[in-house]
Amino acid sequence: ADGSNLSGARAQADEGAMAALRDAVALTAALRRALAEDALELRFQPVLPVGGGLPVGFEALVRWNDPERGSVSPAALVRAAEEAGMMAELGRWVLRRACQEARHWPAAVRLGVNISPLELMADGFGAAVAAILRDTGLPPERLLLEITEGMPLRLDGAVAENCRALQQLGVGLVLDDFGAGYCDLSYLRDLPLYAMKIDRLCLDLGEDERVLSTLRALVALAHGFGLRVVLEGIETAHHLALAREAGCDQVQGFHLGRPMVAAAVRRLLDGEAATADRAPSGAS
Ligand code: C2E
Ligand code: MG
Ligand code: MG
Ligand code: MG
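What counts as what
Residues numbered from 1 in each chain as written. Chains lettered and ligands numbered in written order. Predicted model: local features only at pLDDT ≥ 70, side-chain atom pairs only at ≥ 80, totals over all residues. Heavy atoms only, no water. Helix = DSSP H or I, 4+ residues; strand = E, 2+ residues; numbered from the N terminus. Buried < 20%, exposed > 50% of the residue type's maximum accessible area, 1.4 Å probe, protein only. Contact = heavy atoms within 4.5 Å. Areas by Shrake-Rupley, 256 points an atom, 1.4 Å probe, with all protein chains shown as cover. Core = buried A, V, L, I, M, F, W, Y, C linked by side-chain atoms within 4.5 Å. Near = heavy atom within 4 Å. Polar contact = N/O pair within 3.5 Å; in protein donor to acceptor, adjacent residues only side chain to side chain. Nonpolar A, V, L, I, M, F, W, Y, C, P; charged D, E, K, R; others polar. Donors = N, O, S within 2.8 Å, 3.2 Å for Na, K, Ca; no water. Phe/Tyr/Trp six-rings, centres within 6.5 Å; stacked < 30°, edge-to-face > 60°. Lys NZ or Arg CZ within 6 Å of the ring centre and 35° of its normal. Expected span 1.5 Å × (residues − 1).

**As for the overall build of the protein chain**
Alright, step 1. In terms of regular secondary structure, the protein chain is built from ten helices and nine strands.
Alright, step 2. For the C-alpha atoms alone, the extent of the protein chain along its principal axes is close to 85 × 50 × 40 Å.
Alright, step 3. Considering the protein chain as a whole, with its 284 residues, one finds that 43% of them fall into the buried category.
Alright, step 4. Long-range contacts, defined as pairs at least 24 residues apart, comprise 69% of the intrachain contacts of the protein chain with a sequence gap of at least 6.
Alright, step 5. For the protein chain, the exposed area adds up to about 14,400 Å²; of that, 52% sits on carbon and sulfur atoms.

This is the structure we're talking about:
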């Protein structure tokens, strides 16, 4: 706008800000309703050994199909919950639901649940996880909490306390999206981590040689800290070959398995158990 229209432009900007605020308030109200009505859903995506074989785990991913908005992306949903002070509530809903489901899986199959740094920074998170595990009966050592780096994690007293509680329970911590977040090396030093998930961005750095050298460096970094390495975003057989060549331990991606409904996971795991039963003894 030119000078003479400045106040008009300002009014328009105010209107835009107001509209954004109205949208955010409406989204929060809808999310609160969805949580109260149990209208959110979960999908589970398999995590596989890089050399092939049975799934070693499944990652729970939240889904929200709002009657007015259609499907809201998990990223938008989580951001809205964080901003509205509802992250603990959303996180606990997801954790409880996911643990209830994973309770039916074989002992060797772990459950990954994403948590926001806000949850790990909140007093009493460790105790809340312990209570949910107790209620649902999922053995703690089957649970992996994936710290998604949507915001920097302040490594303060509350985080240390929660980490101690989780470690004592036997719950594993996973550093998610490494390479696309804050990549703070002090996380590697100070958090009792079990694994690192390398972001799929690493597969998208250009020439194979560059992708491979980057992956190898990250694998060496993670292994140096004693961590297992999961590469996310395997969309092709070629991606899988790169993951193998770089020495990643586990893989996840659309090429290997899409996020699926709980019933499909159970069918898959039941089918595998049946196949294993029928295999001649001594077969690998
Ligand atoms: P994430 O934890 O890194 O989860 C992996 C995301 O990559 C998922 O997206 C998954 O559907 C997608 N993905 C899996 N394989 C492929 C692939 O081969 N190619 C591509 N392009 N994408 C693939 P989704 O479900 O949309 O979730 C996005 C992010 O939202 C998650 O990233 C996580 O940070 C967050 N999120 C999802 N569910 C939850 C939750 O329950 N709680 C919290 N705090 N965050 C969640
Ligand atoms: Mg994750
Ligand atoms: Mg990730
Ligand atoms: Mg990601």
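**Points about the nonpolar core**
Nonpolar side chains in soluble globular proteins generally cluster together in the buried interior.
Alright, step 1. Counting 78 residues, the largest nonpolar core has Leu111, Leu143 and Leu145 as its most contacted members.
Alright, step 2. The greatest single-element share of this core, amounting to eight residues, is contributed by helix H3 (residues 87-102).

**Concerning the site of ligand 1**
Alright, step 1. Surrounding ligand 1, one finds 23 residues, the nearest of these being Arg63, Asn114, Asp176, Glu235 and Phe254.
Alright, step 2. Here Glu235 contributes a side-chain N or O atom positioned 2.5 Å from a nitrogen atom of ligand 1.
Alright, step 3. The fraction of the free accessible surface of ligand 1 (800 Å²) that becomes covered by protein chains is 85%.
Alright, step 4. Listed by contribution, the elements that provide at least two residues to the shell around ligand 1 are strand S2 (57-66), helix H2 (74-83), H3, strand S4 (110-115) and strand S6 (172-178).
Alright, step 5. The element best represented in the shell around ligand 1 is S2, accounting for four residues.
Alright, step 6. Its residues assigned to classes, the shell around ligand 1 comprises ten nonpolar, six polar and seven charged.

**A few points about the coordination of the magnesium ion (ligand 3)**
Around a metal, the perfect tetrahedron of four donors has angles of 109.5 degrees, and the perfect octahedron of six donors has angles of 90 or 180 degrees.
Alright, step 1. The magnesium ion (ligand 3) binds to the protein through Asp176 (OD), Asp177 (OD), Glu232 (OE) and Glu232 (OE), with metal-donor distances spanning 2.1 to 2.5 Å.
Alright, step 2. Within one chain, the residues donating to the magnesium ion (ligand 3) are spaced in sequence as D-D-x54-E.
Alright, step 3. In this structure the magnesium ion (ligand 2) is found 3.8 Å away from the magnesium ion (ligand 3), and Asp176 serves as a bridging donor for the pair. Here Glu232 lies in the loop between strand S8 (228-231) and helix H9 (237-246) and Asp176 lies in strand S6, a separation of 56 residues in the sequence.

**What about the environment of Val171?**
Alright, step 1. Examined against the element boundaries, Val171 turns out to sit in the loop between helix H6 (157-169) and S6.
Alright, step 2. Using a relative accessible area of 7% as the deciding quantity, one classes Val171 as buried.
Alright, step 3. For the pair Val171 and Arg142, spaced 29 residues apart in sequence, the C-alpha separation works out to 7.1 Å.
Alright, step 4. Among all residues touching Val171, those that are not within four sequence positions of it are Val129, Leu133, Pro140, Leu143, Leu145 and Leu166.

**Considerations on the packing of aromatic side chains**
Alright, step 1. Going through the model one piece at a time under the given rule, you end up with two aromatic pairs.
Alright, step 2. Relative to Trp105, the ring of Phe44 lies with its centre 5.5 Å away and its plane at 85 degrees, an arrangement referred to as edge-to-face. Of the two residues, Phe44 sits in strand S1 (residues 41-49) while Trp105 sits in the loop between H3 and S4, which places them 61 residues apart along the sequence. Across the pair, exposure class does not vary: Phe44 and Trp105 are buried alike.
Alright, step 3. When the centroid spacing of 5.3 Å and the interplanar angle of 55 degrees are considered together, the rings of Phe58 and Trp105 count as tilted. In this pair, Phe58 is assigned in strand S2 and Trp105 in the loop between H3 and S4, connecting sequence segments 47 residues apart. Here Phe58 matches Trp105 in class, with each residue buried.
Alright, step 4. Here a set of aromatic residues connected by ring pairs shows up, and it is made of Phe44, Phe58 and Trp105.
Alright, step 5. One residue, Arg110, lies across the ring of Tyr194, its end atom 4.6 Å from the ring centre.
Alright, step 6. When the ring centre of Phe254 is taken as origin, the NZ or CZ atom of Arg258, which lies over that ring, is 4.0 Å away.

**Observations regarding helix H1 (residues 6-36)**
Alright, step 1. Between its first and last C-alpha atoms H1 spans 45 Å; for 31 residues at 1.5 Å apiece the expected length is 45 Å, and the two agree.
Alright, step 2. All of the buried residues along H1 are Leu27, Thr28, Ala30, Leu31, Ala34 and Leu35.
Alright, step 3. Structurally, H1 contributes buried residues whose contacts are with S2, H2 and H3.
Alright, step 4. The positive-phi residue at the C-terminal boundary of H1 is Asp38, with phi of around 60 degrees.

**Focus on the environment of Ala195**
Alright, step 1. When you line up the elements, Ala195 lands in strand S7 (residues 193-198).
Alright, step 2. The class for Ala195 is buried, based on a relative accessible area of 3%.
Alright, step 3. Residue contacts for Ala195: discarding those within four places in its chain leaves Leu173, Val174, Leu175, Leu227 and Arg228.

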